[in-house]
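Residue strings, one per chain:
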Amino acid sequence: NAGVTQTPKFQVLKTGQSMTLQCAQDMNHNSMYWYRQDPGMGLRLIYYSASEGTTDKGEVPNGYNVSRLNKREFSLRLESAAPSQTSVYFCASRVAGGTPEAFFGQGTRLTVV
Amino acid sequence: RKEVEQDPGPFNVPEGATVAFNCTYSNSASQSFFWYRQDCRKEPKLLMSVYSSGNEDGRFTAQLNRASQYISLLIRDSKLSDSATYLCVVWSNNDMRFGAGTRLTVKP
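Note that the structure is a prediction, hence the values are computed from the model and not measured. (Residues numbered from 1 in each chain as written. Chains lettered and ligands numbered in written order. Predicted model: local features only at pLDDT ≥ 70, side-chain atom pairs only at ≥ 80, totals over all residues. Heavy atoms only, no water.)

(A) Layout of the overall build of chain B. From N to C terminus, chain B includes 0 helices and 11 strands. Reading the helices (α) and strands (β) of chain B from amino to carboxyl end gives β-β-β-β-β-β-β-β-β-β-β. Taking 108 residues into account, the globule formula puts the C-alpha radius of gyration at 13 Å, and chain B, at 13 Å, falls close to it. Dimensions of chain B along its principal axes, counting C-alpha atoms only, are 40 × 30 × 20 Å. For chain B, the proportion of its 108 residues judged to be buried stands at 48%. Here the analysis covers contacts within chain B between residues at least 6 apart in sequence; of these, 56% occur between residues at least 24 apart. Accessible surface, chain B as shown: approximately 5300 Å² in total, 46% of it carbon and sulfur. (Helix = DSSP H or I, 4+ residues; strand = E, 2+ residues; numbered from the N terminus. Rg over C-alpha atoms; globule rule 2.2 N^0.38 Å. Buried < 20%, exposed > 50% of the residue type's maximum accessible area, 1.4 Å probe, protein only. Contact = heavy atoms within 4.5 Å. Areas by Shrake-Rupley, 256 points an atom, 1.4 Å probe, with all protein chains shown as cover.)

Printed below as a string of structure tokens:
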């Protein structure tokens, strides 16, 4: 039972490069989230998808795009990476209705140089 | 003002101590409240939900005061394994907001 799987786990990018962070969950959850975590800032919501086919901006969406490819997968794209996007990125999912407990992937450590 | 605020600590306590963490939130329409635990370089994991009536899970007690928009977590008889960062989480309408976390170190 994999839960929430993120790839890659580590990535170094040069300023201006693009990349896509992948996230997949096998728990049949409706809602999925992308967060970034920076020292002293806690987790900040970038985008979320309440259900397949919908996406909404969170607190810090600038510089990112997302795609809810299907119920299982929610990807995060950096079109032109900047050093300010150096962070740890977490994907999470939760079932709609009932307890809103979220399950997290193991994180992607991204460094932009 | 941040939506969810916590004392960042660090809290350094001896084994067996009782320690309390506080959290305040700004959105009065928030619906659900949680404490998550995050170990160093790991993902956050749910510790416990927080209910208006207060709830207890072993050595952990969580309290919610909606009027004051305040959440607390009490850990009794601290163990070395309790060392972690504790995140206050506030949820409303599919939007989960996290506090910056309170770091706890329990020492022998």
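Here the narrative resumes.
(B) Here's a closer look at the layout of surface pockets. Here the largest pocket is characterised by a volume of approximately 600 Å³. Around the largest pocket, the lining comprises 25 residues; the ones closest to its centre are A:Gln37, A:Pro39, B:Gln38, B:Arg41 and B:Thr85. The set of elements that each furnish at least two residues to the lining of the largest pocket consists of β4 (31–38) and β9 (87–94) of chain A together with β9 (84–92) and β11 (102–107) of chain B. As for the second largest pocket, its lining consists of 12 residues, and the residues nearest its centre are A:Arg44, A:Glu59, B:Lys2, B:Glu3 and B:Phe98. Elements supplying a minimum of two residues to the lining of the second largest pocket: β5 (42–49) of chain A together with β10 (95–98) of chain B. Of the residues in the lining of the second largest pocket, the class split is 5 nonpolar, 1 polar and 6 charged. (1 Å grid on protein atoms, 1.4 Å probe; cavity = no way out; pocket = protein on both sides within 12 Å on 5 of 7 lines; lining within 4 Å. Points joined across faces, edges and corners; volume = space filled by probe spheres on them. Nonpolar A, V, L, I, M, F, W, Y, C, P; charged D, E, K, R; others polar.)

(C) Geometry of the pairing of strand β8 (residues 74–78) of chain A. Residues and elements named next belong to chain A. Burial of β8 is extensive: 4 of the 5 residues sit out of reach of the surface. Across 5 bridges, strand β7 (residues 64–68) lies against β8 in antiparallel orientation. Counted as the bridge partner of Tyr64 is Leu78 from β8. Connecting the antiparallel pair β7 and β8 is a turn made up of 5 residues. (Pairing = 2+ DSSP bridges.)

(D) Structural context of unusual backbone geometry. In this structure, the amide linkage connecting A:Thr7 to the following residue, A:Pro8, adopts the cis form with an omega of -10°. As for its placement among the helices and strands, A:Pro8 is situated in the loop between β1 (4–7) and β2 (10–13). Looking along the chain, the bond that leaves B:Gly9 and enters B:Pro10 is cis, with omega of 5°. Mapped onto the secondary structure, B:Pro10 falls in the loop between β1 (4–6) and β2 (11–14). Although it is not a glycine, A:Asn28 sits at a positive phi angle of roughly 60°. If you check the backbone angles, B:Asp77 has positive phi at about 50° while not being a glycine. Checked against the element boundaries, B:Asp77 lands in the loop between β8 (70–75) and β9.

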